[in-house]
Structures are given as C-alpha cells and as structure tokens.
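Descriptive structure summary
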Amino acid sequence: MVPVLLVLLLALILFGAGFAIKILWWVAVAVLVIWLLGFLFRSTATGGSRSRWYRW
C-alpha cells in the first residue's frame, strides 16, 4: 500500500511541476513580447536620440 501511495505522490508532484514550468514559459514569452514592443516603440528625446523606455 505504501509503494502505491509513494508512486501516486510522485506522479502528482511531477504533474504539478510540469504545469508550473509550462506556465513559466508562457510568462517568459509574454515578458519578451512586451520588452520587444517597448524597445521598438520608444519615444524620441528632444535631441533626436532615442530615450530609454524603462526606469532603471
């Protein structure tokens, strides 16, 4: 009985980890798209040069 419970627990942990990793991939893709859009559509400064779109 204990080995069956351990196998089920391991399957549950691996399923949860796989789901979390898939969500993190989608978050990473969304951040990349937002960063690229911000890089492409940044405004120009008064001197004609492009300013930074982030506040670091």
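Above this text is the structure in question.
Scope of this entry: the structure provided in the associated data block. Treat the numbers as computed from the prediction; the structure is a model and nothing was measured.

Cut-offs applied
- Residues numbered from 1 in each chain as written.
- Predicted model: local features only at pLDDT ≥ 70, side-chain atom pairs only at ≥ 80, totals over all residues.
- Heavy atoms only, no water.
- Helix = DSSP H or I, 4+ residues; strand = E, 2+ residues; numbered from the N terminus.
- Buried < 20%, exposed > 50% of the residue type's maximum accessible area, 1.4 Å probe, protein only.
- Areas by Shrake-Rupley, 256 points an atom, 1.4 Å probe, with all protein chains shown as cover.
- Patch = residues over 30% accessible without salt bridge, like charges linked within 9 Å, V, L, I, M, F, W, Y side chains within 5 Å.
- Salt bridge = Lys/Arg side-chain N within 4 Å of Asp/Glu carboxyl O.

1. As for the overall build of the protein
The helix and strand tally for the protein stands at one helix and zero strands. Residues counted as buried form 2% of the 56 residues belonging to the protein. Accessible surface computed for the protein: about 5,500 Å², of which carbon and sulfur atoms make up 79%.

2. What to know about a nonpolar patch on the surface
A contiguous nonpolar surface patch, about 1,000 Å² in accessible area, is contributed by W26, V29, L32, V33, W35, L36, L37, F39, L40 and F41. Relative to the assigned elements, F41 resides in the segment after α1 (2-40). A relative accessible area of 67% places F41 in the exposed class.

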